Amino acid sequence: MPFYFCLSLLAGILIHAGINVLNDYFDHLNKTDEFNKTPLTPFAGGSRMIQKGIFSAAETYRYGMLLVIMAVSIGLFLIWARGLTLLWIGLIGVLSGYFYSAPPFSFQSRGLGEILVGLNFGILAVLGAYYVQTQTLTLTAVIAALPLAILVTAILYINEFPDYAADKEAGKNTLIVRLGKIRARSIYTLLIGLSFIVIALGVMYNSLPLFSLISLLALPLGWFAIKTLYASYDKSIALIPAIKNTIMLHTLVSVLLILAFVIPIF
């Protein structure tokens, strides 16, 4: 149903943008971005909208909330049109997204931010979109969402390496801060490997189409990202290729898994 698909996509974009803007606001409050003295890149240090004077802190908060309210409004329509199950998916997503950085919970400072990002932008996003189209939830949808959830977690995780010093000074105890950069590298390796293991097991147990194995062709991107991380974990500029590879890896695997489900239809 193209109409519901477009609405789901728009709601996803709006909620993602809104949570990112709110994260900038709360990072300003706890001074994470102010403490960040590492060379700024497109992947680290926040958007700097407040620091550059593009928006005031209050304007940033209002802008973020406006985006969230727009997403919630679309979500309420989809709940009315497609089913109450979406309410619980949306409620978990919005609340955990808001309190990802907002007090009193500030999940990112408790070492839970990485898990929530995987949950929200991997599993819940896929399940919500799937339910809008089918009005059902299946194990296949969950298994198909898992590699994407793991890889989006990997994107956040590797982006936390350049922000280590600022996060630590601000009391933002991400997993990188808790583990230390050297020990934290192995978790990234685990995330990359686990994403492909899930795909292989999904095919083995007939939960994913056989064609899903084509996503294994993206594995070299993960391998090069791991090598770069181990060599340049303490150098924010040198780490950029690894961050780019992680983003490309998530995008490529997502596209290939979509094709794996679409191609048999034709």
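Rules behind the numbers
- Residues numbered from 1 in each chain as written.
- Predicted model: local features only at pLDDT ≥ 70, side-chain atom pairs only at ≥ 80, totals over all residues.
- Heavy atoms only, no water.
- UniProt positions renumbered as here; feature names shortened; annotations may be inferred.
- Helix = DSSP H or I, 4+ residues; strand = E, 2+ residues; numbered from the N terminus.
- Rg over C-alpha atoms; globule rule 2.2 N^0.38 Å.
- Buried < 20%, exposed > 50% of the residue type's maximum accessible area, 1.4 Å probe, protein only.
- Expected span 1.5 Å × (residues − 1).
- Contact = heavy atoms within 4.5 Å.
- 1 Å grid on protein atoms, 1.4 Å probe; cavity = no way out; pocket = protein on both sides within 12 Å on 5 of 7 lines; lining within 4 Å.
- Points joined across faces, edges and corners; volume = space filled by probe spheres on them.
- Nonpolar A, V, L, I, M, F, W, Y, C, P; charged D, E, K, R; others polar.
- Bend = angle between axes of the 7 residues up to and from the residue.

An unreviewed UniProt entry annotates the chain as 1,4-dihydroxy-2-naphthoate octaprenyltransferase originating from Candidatus Thiomargarita nelsonii. Quoted verbatim from the Pathway (unreviewed entry) field of the UniProt record, the comment on the chain reads "Quinol/quinone metabolism; menaquinone biosynthesis." The record held by UniProt for the chain lists under Subcellular location (unreviewed entry) the comment "Membrane".

Colleague: Pulling in residues and values, what's your account of the overall build of the chain?
Modeller: Counting its regular elements, the chain contains 11 helices and zero strands. Mapped from its N terminus to its C terminus, the chain presents α and β elements in the order α-α-α-α-α-α-α-α-α-α-α. For a compact globule of 266 residues, the expected C-alpha radius of gyration is about 18 Å, and the chain comes in at 19 Å, within 12% of that figure. When its C-alpha atoms are laid out on the principal axes, the chain stretches across 50 × 45 × 25 Å.

Colleague: How would you explain unusual backbone geometry if you had to name every residue and give the values?
Modeller: Pro103 connects to Pro104 through a cis peptide bond whose omega is 10 degrees. In this structure, Ser106 takes a positive phi of about 40 degrees despite not being glycine. Of note, Ser106 is situated in the loop between α4 (85-98) and α5 (113-134). According to the relative accessible area criterion, Ser106 is buried, its value standing at 12%. Unusually for a residue other than glycine, Gln135 sits at a positive phi of about 60 degrees. As for its placement among the helices and strands, Gln135 is situated in the loop between α5 and α6 (139-159).

Colleague: Residues and numbers for the environment of Ile192, please.
Modeller: Assignment of secondary structure puts Ile192 in helix α9 (residues 181-204). The buried category is assigned to Ile192, whose relative accessible area is 2%. The spacing of Ile192 and Pro220 is 28 residues in sequence and 11 Å in space, taken between C-alpha atoms.

Colleague: Which residues make up helix α3 (residues 57-82), and what are the values?
Modeller: Each full turn of the α-helix corresponds to 3.6 residues, which orients residues three or four apart in the same direction. Given a rise of 1.5 Å per residue, 26 residues ought to cover 38 Å, and the 37 Å separating the end C-alpha atoms of α3 matches this to within 8%. By the burial criterion, the buried members of α3 are Thr60, Gly64, Leu67, Val68, Ala71, Ile74, Leu78, Ile79 and Arg82. Buried residues belonging to α3 abut α1 (2-29), α4 and α5. Residue Gly83 follows α3 closely and has a positive phi angle near 145 degrees.

Colleague: Talk me through the layout of surface pockets; I want residue IDs and the actual numbers.
Modeller: In this structure, the second largest pocket spans a volume of roughly 160 Å³. Lining the second largest pocket we find 15 residues, and of these Glu114, Ile115, Ile150, Thr153 and Leu191 sit closest to its centre. Of all the elements in the fold, those that place two or more residues in the lining of the second largest pocket are α5, α6 and α9. Tallied by class, the residues present in the lining of the second largest pocket amount to 12 nonpolar, two polar and one charged.

Colleague: Give me α5: which residues, what numbers.
Modeller: The terminal C-alpha atoms of α5, which comprises 22 residues, lie 30 Å apart, in line with the 32 Å expected from a rise of 1.5 Å per residue. Taken as a whole, α5 carries its principal kink of about 35 degrees at Leu124. Just beyond α5, the residue with positive phi is Gln135, at close to 60 degrees.

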